[in-house]
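Understanding the architecture of this molecule
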Amino acid sequence: MNDLRVCEVVKTLDIGGAEVLLVERLVVARRRTVNRAVDYTVICLRASTGELIERLRSAGVTVIDLSSCPRPLAYARLVATVRRIAPDVLNVHSPAPAIALRPFVRLTRRRPALVSTVHCVQWPKTMYLDRLTRGLDDRTVAVSPAVARSRAVIGSRHVLTRVHGVDVREQRRWAARATDVRREFDVPENAFLCTLVANFRPEKNHRMLVRAASEVVRTRPDAVFILAGDGPLRDDTVREVKERRLDGHVRVLGSVPEARRLVAAADLLVLSSDHEGLPVVVMEALAAGVPVVSTRVGGLPDLVTSGRNGILSEPGSAGALAEAIIRAMDPRTHRELRAGALSGTESVDMADTAEWFEELYEELARGVGA
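Summarised in this report is the structure supplied together with it. (Residues numbered from 1 in each chain as written. Predicted model: local features only at pLDDT ≥ 70, side-chain atom pairs only at ≥ 80, totals over all residues. Heavy atoms only, no water.)

**Some remarks on the overall build of the protein**
A count of helices and strands for the protein gives 16 helices and 13 strands. For 370 residues, the compact-globule formula gives about 21 Å, and the C-alpha radius of gyration of the protein, at 21 Å, lands near that figure. Each principal axis of the C-alpha distribution contributes one length, and for the protein these read about 65 × 40 × 35 Å. Split into buried and exposed, the 370 residues of the protein put 56% on the buried side. A fraction of 69% describes how many contacts in the protein between residues 6 or more apart in sequence connect residues 24 or more apart. Accessible surface computed for the protein: about 15800 Å², of which carbon and sulfur atoms make up 49%. Both charge centroids of the protein, one from 54 positive and one from 46 negative side chains, sit 4 Å from each other. (Helix = DSSP H or I, 4+ residues; strand = E, 2+ residues; numbered from the N terminus. Rg over C-alpha atoms; globule rule 2.2 N^0.38 Å. Buried < 20%, exposed > 50% of the residue type's maximum accessible area, 1.4 Å probe, protein only. Contact = heavy atoms within 4.5 Å. Areas by Shrake-Rupley, 256 points an atom, 1.4 Å probe, with all protein chains shown as cover. Lys, Arg positive; Asp, Glu negative; His and termini not counted. Charge placed at Lys NZ, Arg CZ, Asp CG, Glu CD.)

**Observations concerning the packing of helix 1 (residues 17-32) against helix 12 (residues 280-287)**
For the pair helix 1 and helix 12, the least separation of the axes is 9 Å and the interaxial angle reads 50°. The angle between the axes of helix 1 and helix 12 places the two elements in the oblique class. Where helix 1 approaches helix 12, its residues Gly17, Val20 and Leu21 are matched on the opposing element by Val280, Met283 and Glu284. (Axes fitted to C-alpha atoms, helices over the stretch in contact; angles between N-to-C directions. Parallel < 35°, antiparallel > 145°, perpendicular 65-115°, else oblique.)

**Examining the environment of leucine 300**
Position of leucine 300 relative to the elements: it lies in helix 13 (residues 300-303). Residue class for leucine 300 comes out buried when judged on its relative accessible area of 1%. When the C-alpha atoms of leucine 300 and aspartate 167 are compared, they prove to be 19 Å apart, with 133 residues separating the residues in sequence.

**Here's the deal with the environment of alanine 322**
Within the fold, alanine 322 resides in helix 14 (residues 318-329). Placed 270 residues apart in sequence, alanine 322 and leucine 52 show a C-alpha to C-alpha distance of 34 Å. The contact partners of alanine 322, leaving out residues within four places of it in the chain, are Ala212, Glu215 and Val216.

**Considerations on the sheet that holds strand 1 (residues 4-12)**
One open sheet accounts for seven strands, arranged 3-2-1-4-5-6-7; its pairing is parallel. Across the chains shown, the open sheet's two edge strands, defined by having one partner strand only, are strand 3 (62-65) and strand 7 (159-161). Strand after strand, the sheet turns through a mean of 20° between neighbouring axes, direction not considered. As judged from the four bridges shared by strand 1 and strand 4 (residues 89-92), these two strands associate in the parallel manner. Paired with cysteine 7 across the two strands is leucine 90, which belongs to strand 4. (Pairing = 2+ DSSP bridges.)

**What to know about the packing of helix 9 (residues 206-219) against helix 10 (residues 234-243)**
Two elements in contact, helix 9 and helix 10, have axes separated by 9 Å at closest approach and are oriented at 15°. One finds that helix 9 runs roughly parallel with respect to helix 10. Crossing handedness for the pair helix 9 and helix 10: right-handed. Along the contact surface, helix 9 presents His206, Arg207, Val210 and Arg211, while helix 10 presents Thr237, Glu240 and Val241. Residue classes in the contact of helix 9 with helix 10 are distributed as two nonpolar, two polar and three charged. (Left-handed = near helix turned anticlockwise from the far one by under 90°. Nonpolar A, V, L, I, M, F, W, Y, C, P; charged D, E, K, R; others polar.)

The following block contains the structure:
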């Protein structure tokens, strides 16, 4: 199909899971489809950092940032922008924009095929309106089996499951440069590095990770934890680190450009979340051969198998998380987990997902236009 116009809408273009998945897929898609006429446009309502916008534009993707539009008018501007673009396929990655777009787009004379990609199992305030309008979608794509089983997709007519993945080739390049990255962040040469890259929000439960870290360092004083990200609870986490006198063992950074390099340079990726969909950082870790220690929530069990490529612990328990980290730090166990992580990288390769979406888009565009 020639001149396929695809519009992807996301509420924010910040450094978060859904946003990074979208950007990774489109960057890979542009690299793989240089001889095919697929024209991508991304529309966002907010962007607190220009990093993701720059990555998209460098790959040849058009980005329309509506951040300067007053919030009361943002959704009206969004609808008008989509109508002006007149895409063949519209894929919306956030509930609020989807609620605004579905009824208006359905009324357009030459309507696009409607797709919603659902990234999380949580139940936001907008979920009831989302459910009421979800039947207008031609397809719903869940990013993990856990999402597909959740109430987040109730009301959908056609649910497809697609684990997105990451750019495995790029992540392995960062893994090969792990020594340089660790030196850049002043990680002691003999330290065992545990990394978490996640925005400081309640569901990530950073404070529980700090409590777990305080238990770990009593047994393993060589452990160093780096927490990278931004968000409303960052200062609270810093205070927790100081109160527990962990300054030499737990470092709280802000937003780090190309944060996936910190994941690739780690000995372990650690997550303490109370809720998750399918975290991008987990796929980044596995692509780099880094084992994962995490709470057993959301789509984590779809990627991490305890004893093979990581260890899962019960959510809400700092003691259980600390015990899992200490177990994974054992030299023999760590070697086995690293080998398991490396052996499963084909399951998180974004290249296959990029092709899958383009085939879906072409099929839907033909069906709606028929």
